[in-house]
Structures are given as C-alpha cells and as structure tokens.
Amino acid sequence: AHSEACTGLALSPVVPGLLATASLDKTVKLWDIRGNQADYVTSRGMDVGQVFTISFCADPASAFTLAVGGKDAQVAVWDVVSSAGVRALFPTGRADEEFQDESVEKELEVDKMTISRAGKDSDDESDEEEEALVQQAERKAAPPAMAKSKPGTGKAAGAKGKA
C-alpha cells in the first residue's frame, strides 16, 4: 500500500492483471491482480511531485508503457518492462538478457516532459501563494451580494422612500 492517499488506478487494457496505482506519496506501484488477491510487483518514485493521474497505453505494441502526471506540471512515461519483477510475472516478450548490459541508472530512467501553464510552473509560487491566488480568483468570480430586505416591508435595509 502507499504511505499517503491513492489518487489513481490504471488497469492495463492489454496485459491481464497488471494494475498501477498512483499516490500523493509521489510514487507509482505495480500490482499483479490475477486471482483473488493483489500481489505487489514493484514501485518507483516518478519525480513529478505528487502523482495525480495515471494511464497505460492501449496499443498492444506499447502494452507496458505507463504515463503519469503530477503536481509539478510534469508528465512522465515509464516502460514498466524495465522492471525485472514485471518481466518475471507477465509475458513481456522481452528477455532479461536485453537488460543485462544497461546500467542501473539507465534501467531506472523515466522520460519526462514539463507541461506549460501560461508560462508558469508550480515553482513560481509557494503553495500558500497559489492558494491565495485561487481564493482571490474565487472571490472575483462570486456574484455580488444581494441587499437584504427589512422583514415585513419588502424594502431593502436602509432604503428610503414611500411605501
């Protein structure tokens, strides 16, 4: 299980029983859910901040490709077949020998890209500043308050004139 809230689940549409979970703990975990239980396979910190969204590729040619998105306006793509645990449990069509010559750093490499948000990224403001900006925008978008009427008169409080 994750150490913080789980924010997403992705069941591979091509590989039976391969489940990925995303979490606020900044990790993605892979599970084998064939049978009546979920067996942990592997996990990885995705370096995208808190992970909010996750999806497997539906193309059979890229069945082990997993995309994740996180708080830091980053998208990462992980070829999960690079995990020996995945190769041991699922028919990947890839032999362990294909990964023997690669360094540990290369095996753990994740392709990343930054999502542009109108020229800003999440490092431009602290979390408190971001929250203050959101609250300010919500106040501006709120409809103006209606004047309250005096009970039984039908007139707005403080209104003068003939009844």
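Reading the values: rules and limits
- Residues numbered from 1 in each chain as written.
- Predicted model: local features only at pLDDT ≥ 70, side-chain atom pairs only at ≥ 80, totals over all residues.
- Heavy atoms only, no water.
- Core = buried A, V, L, I, M, F, W, Y, C linked by side-chain atoms within 4.5 Å.
- Buried < 20%, exposed > 50% of the residue type's maximum accessible area, 1.4 Å probe, protein only.
- Helix = DSSP H or I, 4+ residues; strand = E, 2+ residues; numbered from the N terminus.
- Contact = heavy atoms within 4.5 Å.
- Pairing = 2+ DSSP bridges.
- Phe/Tyr/Trp six-rings, centres within 6.5 Å; stacked < 30°, edge-to-face > 60°.
- Axes fitted to C-alpha atoms, helices over the stretch in contact; angles between N-to-C directions.

> It is not clear to me how the nonpolar core should be interpreted in this structure. Could you clarify?
In globular proteins that are soluble, nonpolar side chains generally tend to be buried together. Judged by nonpolar contacts, the single largest core of 23 residues is most densely connected at V28, L30, F64, L66, V68 and V80. Broken down by secondary-structure element, the contributors of at least two residues to this core are β2 (18-23), β3 (27-32), β5 (51-56), β6 (65-70) and β7 (74-79). Not counting chain neighbours up to four residues away, the residues in contact with F64 comprise V15, L18, W78, D79, V80, V81, V86, F90, P91 and T92.

> How do you make sense of the pairing of strand β1 (residues 6-11) when you look at a structure like this?
Regular strands show a simple pattern: their side chains alternate between the two faces of the sheet. For β1 and β2, the ladder comprises five bridges, and the chain directions are antiparallel. Across the sheet, L9 pairs through a bridge with T21, a residue of β2. Where β1 folds back onto β2 in an antiparallel hairpin, the turn is made up of six residues, including G17, whose phi is positive at roughly 85 degrees.

> Mind showing me how you'd approach the packing of aromatic side chains here?
Here the distance between the centres and the angle between the planes together describe a pair of aromatic rings. With the rule as written, the count across this model stands at one aromatic pair. Look at W31 and Y40: their rings are 5.6 Å apart centre to centre, the planes differ by 75 degrees, and that puts the pair in the edge-to-face class. The exposure class assigned to W31 is buried, which follows from its relative accessible area of 12%.

> Whenever I open this one, the sheet that holds β1 confuses me. Can you help?
Sheet strands line up and pair through hydrogen bonds in the backbone, either parallel or antiparallel. Strand order across the open sheet formed by four strands is β1-β2-β3-β4, with antiparallel pairing between neighbours. This sheet does not close on itself; its edge strands, each paired only once, are β1 and β4 (39-45). Pairwise comparison of adjacent strand axes, ignoring direction, gives a mean angle of 20 degrees for this sheet. Looking at chain direction, β3 and β4 are connected through six bridges and run antiparallel. Counted as the bridge partner of W31 is Y40 from β4.

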